[in-house]
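Okay, here's what each chain looks like letter by letter:
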Amino acid sequence: MKPHWILTALTGLAIVFNAEASVSIGVASIGIVGSALYAGFDRVRCAFYECCSPRSKWTKLNVTALNLAFSENLYGQHLVQTVVPRALKSHLGQDQPNKALVMSFHGWTGGGKNYVARFITDSLYKLGTRSQYVHFFVSTIHFPHKEQSDIYKLHLQDWIRGNVSKCERSLFIFDEIDKMPVGMIDGIKPFIDYHENIDGVDFRKSIFIFLSNTGGPEITRLMLEMWRKGKSREEITMADMEHLIERGAFSEKGGLHKSELIQHSLVDFYVPFLPLERRHIEFCIRDEVKRRGLKGSKEFIKVVADEMTYFPPENQLFSTTGCKRVSQKVSYHIANEMYDVLFD
Ligand SMILES: *[C@@H]1O[C@H](CO)[C@@H](O)[C@H](O)[C@H]1NC(C)=O
Ligand SMILES: *[C@@H]1O[C@H](CO)[C@@H](O)[C@H](O)[C@H]1NC(C)=O
């Protein structure tokens, strides 16, 4: 018999006990025993499954897991590595945060935005991306038609309200927010504003993450400027990036464009993802090969890295697609039976 069958059966039994208690005072003693049993079962159930309760483990961020995921899978993003854990720690550390946490990820494609969103999910929730408390929206899939933005907005509000009523520590991730119909995002403003509660629901413990490619060109321009001055990538600070944010670089067209979220400063952290360099691409290739249980030679890594495109044309500093297409390229070369190169 599988543990969850036993649990379900026992939980059922406990509910029967509870029901009896409320019906008849005569069997109060059974009721008390029932409640105690039920509390016990609840704890067991939370240990096996997922629960949204302060007791349950996931309300504490596993910083070790997050940092480990970063160091093993994320390359060239020193700003992300400092800002994200700090933002999460400070929000989750408060019993009564004064607003929901909102982070907006920006930058060139393939820089690791989706990866980071997944690492956050995994380090927060026991079931990771499969958790019922994590909600993932992709604009082009969930909100494809501009003319229906009013309907989407209402649905989205219902979903957020419904889900946060079920669990205050819910996580909402919006991918391609720049492709969301203009104005729609304002529909979620009430939920991330400084309100103690709306119709009895407290939204301040929830977390919102926005992902978009906006700001990519500006980030790159800034990096080229630094490079010309002979500064290293790691010397770029959040303060350097803040100038870009002030100039509105991160809110170009669509999604966040002219949104109330920006006008009212409701985004807590703008997190810039820097364009990747060839050395970072090589790390990604190495990891991809390793993931397939093979050992990539320097030669193999070079062959794949050579196939990626780099810009600007003069010095080919950055990869146009980051690590995004590395997986396909690696598969392609392995399928082409370049084993001699792999195992030299
Ligand atoms: C946190 O993550 C680390 C690394 O994945 C793991 O070894 C540890 O058990 C986790 N801690 C908790 C409390 O889940
Ligand atoms: C929670 O959000 C999902 C979308 O992720 C939606 O389908 C579901 O209906 C919502 N639940 C409630 C109770 O509103």
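So, here's what we can say about the structure. (Residues numbered from 1 in each chain as written. Chains lettered and ligands numbered in written order. Predicted model: local features only at pLDDT ≥ 70, side-chain atom pairs only at ≥ 80, totals over all residues. Heavy atoms only, no water.)

1. Let's talk about the pairing of strand β5 (residues 269-273)
Next up, step 1: Judged by how many residues are buried, β5 sits mostly within the fold: 4 of 5 residues are covered.
Next up, step 2: The pairing of strand β1 (residues 101-107) with β5 spans 5 bridges and is parallel. Across the sheet, residue His-106 finds its bridge partner in β5, namely Pro-272. (Buried < 20%, exposed > 50% of the residue type's maximum accessible area, 1.4 Å probe, protein only. Helix = DSSP H or I, 4+ residues; strand = E, 2+ residues; numbered from the N terminus. Pairing = 2+ DSSP bridges.)

2. Thoughts on the site of ligand 2
Next up, step 1: Around ligand 2, the neighbouring residues are His-135, Asp-158, Trp-159, Gly-162 and Asn-163.
Next up, step 2: One nitrogen or oxygen atom from the side chain of His-135 is found 3.1 Å from an oxygen atom belonging to ligand 2.
Next up, step 3: Contact distances for ligand 2 include 2.3 Å between an oxygen atom and a side-chain N or O atom of Asn-163.
Next up, step 4: For ligand 2, the protein covers 57% of the area, taking 360 Å² as the surface of the free molecule.
Next up, step 5: The residue makeup of the shell around ligand 2, split by class, is 1 nonpolar, 3 polar and 1 charged. (Near = heavy atom within 4 Å. Polar contact = N/O pair within 3.5 Å; in protein donor to acceptor, adjacent residues only side chain to side chain. Areas by Shrake-Rupley, 256 points an atom, 1.4 Å probe, with all protein chains shown as cover. Nonpolar A, V, L, I, M, F, W, Y, C, P; charged D, E, K, R; others polar.)

3. A few points about the environment of Ile-334
Next up, step 1: Mapping Ile-334 onto the fold places it in helix α14 (residues 326-335).
Next up, step 2: Since its relative accessible area comes to 10%, Ile-334 is described here as buried.
Next up, step 3: As for Ile-334 and Val-289, which are separated by 45 residues in sequence, their C-alpha atoms are 8.9 Å apart.

4. A word on the packing of helix α12 (residues 278-291) against α14
Next up, step 1: In contact at an axis separation of 9 Å, α12 and α14 are set at 55° when each is read in the N-to-C sense. The angle between α12 and α14 places the two elements in the oblique class. Our pair here, α12 against α14, has a crossing hand that is right-handed. In contact with Ile-281, Cys-284, Ile-285, Glu-288 and Val-289 of α12, α14 contributes Val-326, Ser-327 and Val-330. (Axes fitted to C-alpha atoms, helices over the stretch in contact; angles between N-to-C directions. Parallel < 35°, antiparallel > 145°, perpendicular 65-115°, else oblique. Left-handed = near helix turned anticlockwise from the far one by under 90°. Contact = heavy atoms within 4.5 Å.)

5. A closer look at the environment of Asp-150
Next up, step 1: Mapped onto the elements, Asp-150 comes out in helix α7 (residues 149-166).
Next up, step 2: The exposed category is assigned to Asp-150, whose relative accessible area is 56%.
Next up, step 3: Distance in space between the C-alpha atoms of Asp-150 and Met-184 is 7.2 Å, their sequence separation being 34 residues.

6. Considering the state of the cysteines
In protein structure, a disulfide is the covalent linkage between the sulfur atoms of two cysteines.
Next up, step 1: Tallied over the full model, the rule gives 2 disulfides.
Next up, step 2: The disulfide partner of Cys-284 is Cys-323, and the S-S distance across this bridge is 1.9 Å. The S-S bond linking Cys-284 to Cys-323 shows a torsion near 80°; that makes this disulfide right-handed. Placement of the pair is Cys-284 in helix α12 and Cys-323 in the loop between β7 (318-319) and α14, with a sequence separation of 39 residues. Of the two residues, Cys-284 and Cys-323, both sit in the buried class. (Disulfide = S-S within 2.5 Å.)

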